[in-house]
Amino acid sequence: MRVQRAQKWSVSGYERNARFVAELGSPLIGILNPVEGERILDVGCGDGFLTEKISEAGATVVGVDTSKDLLDAARARGVSAQEMDGQRLEFVEEFDAVFSNAALHWMPDAGGVAAGVARALKSGGRFVGEFGGHGNVAAIVSAIYGALRINGLQSEFENPWFFPTAEEYGSLLEQHGFRVQEIALLPRPTPLPTGIEGWLETFAEPMLNSIGREKSASVLNTVIQLLEPTLKDRSGNWTADYVRLRFAARKP
Ligand code: BEZ
């Protein structure tokens, strides 16, 4: 049996353990620079925290996501949100800009995303995003692999995350007709407000659940032990080794 790829999101868990993900993505809205009257698509909008912020500029924003629970939370904020996979976007030349924060690393079909965004944009439209880049949460990924091996489960994990280099993602955007204006990897050590336990609860436990509750608890304990020497400081605070890939591109 392989660990399933599908991620199940808990709205309350996300709020408790991962609110920082959207908060730290807020500066990206400055790069997007939304203008009153524009139509903007937010790919992987989650609970709509940033979608709502973008709309405060007077733009009409549509969010898409695959999690029904997060979409309900987005709608509860008054955000217009539709169930749609970012790898299979269905829009045609209707947006001035496409935005995405901390979502594209959950979409391994990056070509499908780029093709759908290119199709969704009007000519001259911009694509602005940030997600996990090469080396993102490397210590955590290594600890998950190590913990599975220690627990005799090494063949059961399929890494669900896409963390490309700037060169790989830049050339993929160009292959889909974009002009890349900026693209860079930005190391961003990120304090975890609820520690590594909270992070794993939200981002790793739902994937590991299919190996069974008992085995998954044992794997998570081992992951924590393996990470303590590098991600936990002497005051007991945890910091994750985030690396963001930030980019801005334009459809000619
Ligand atoms: C991220 O935002 O970089 C991330 C979140 C969860 C799992 C992996 C990466």
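These numbers come from a predicted model, not from an experiment.

Q: Help me out: how do you make sense of the packing of helix α8 (residues 195-203) against helix α10 (residues 213-231) in this one?
A: The packing of two helices is summarised by the inter-axis angle and the distance between the axes. Look at α8 against α10: their axes get within 11 Å of each other, and the N-to-C directions meet at 135°. Between α8 and α10, the angle is such that the two are oblique. For the crossing formed where α8 meets α10, the hand is right-handed. Side by side, α8 and α10 meet where Ile 196, Glu 197 and Leu 200 of the first sit next to Leu 220, Val 223, Ile 224 and Leu 227 of the second.

Q: Looking at this model, I keep getting lost on the sheet that holds strand β6 (residues 179-191). Mind explaining?
A: Where strands meet in a sheet, backbone hydrogen bonds hold them as pairs that are either parallel or antiparallel. Strands sit in the order β3-β2-β1-β4-β5-β7-β6 across an open sheet of seven strands; the sheet is mixed. Two strands in the sheet have a free side with no partner beyond their single neighbour: β3 (80-83) and β6. On average, each strand axis in the sheet is inclined to that of its neighbour by 20°, with strand direction left out of account. Of the pairings in the sheet, the one linking strand β1 (residues 39-43) to strand β2 (residues 60-65) comprises five bridges and is parallel in character. Note on β2: the bridge partner recorded for Leu 41 is Val 62. Relative to the sheet, helix α5 (residues 110-120) contacts β1, β4 (95-101) and β5 (121-132), its axis offset from that of β5 by approximately 145°.

Q: When you look at the packing of aromatic side chains in this model, what are you seeing that I'm missing?
A: Two descriptors summarise a pair of aromatic rings, namely the distance from one centre to the other and the angle between the planes of the rings. Summed over the entire model, instances satisfying the criterion amount to 13 aromatic pairs. Their ring planes at 75° and their centres at 5.8 Å tell us that Trp 106 and Trp 161 sit as a pair that is edge-to-face. With Trp 106 in the loop between β4 and α5 and Trp 161 in the loop between α6 (138-150) and α7 (166-175), this pair connects stretches of sequence that are 55 residues apart. The class of Trp 161 is buried, set by a relative accessible area of 10%. On the numbers, 5.3 Å between centres and 55° between planes, the contact of Tyr 169 with Phe 247 is tilted. Placement of Tyr 169 in helix α7 and of Phe 247 in strand β7 (residues 239-250) is noted, with a sequence separation of 78 residues between them.

Calculation criteria
Residues numbered from 1 in each chain as written. Predicted model: local features only at pLDDT ≥ 70, side-chain atom pairs only at ≥ 80, totals over all residues. Heavy atoms only, no water. Axes fitted to C-alpha atoms, helices over the stretch in contact; angles between N-to-C directions. Helix = DSSP H or I, 4+ residues; strand = E, 2+ residues; numbered from the N terminus. Parallel < 35°, antiparallel > 145°, perpendicular 65-115°, else oblique. Left-handed = near helix turned anticlockwise from the far one by under 90°. Contact = heavy atoms within 4.5 Å. Pairing = 2+ DSSP bridges. Phe/Tyr/Trp six-rings, centres within 6.5 Å; stacked < 30°, edge-to-face > 60°. Buried < 20%, exposed > 50% of the residue type's maximum accessible area, 1.4 Å probe, protein only.

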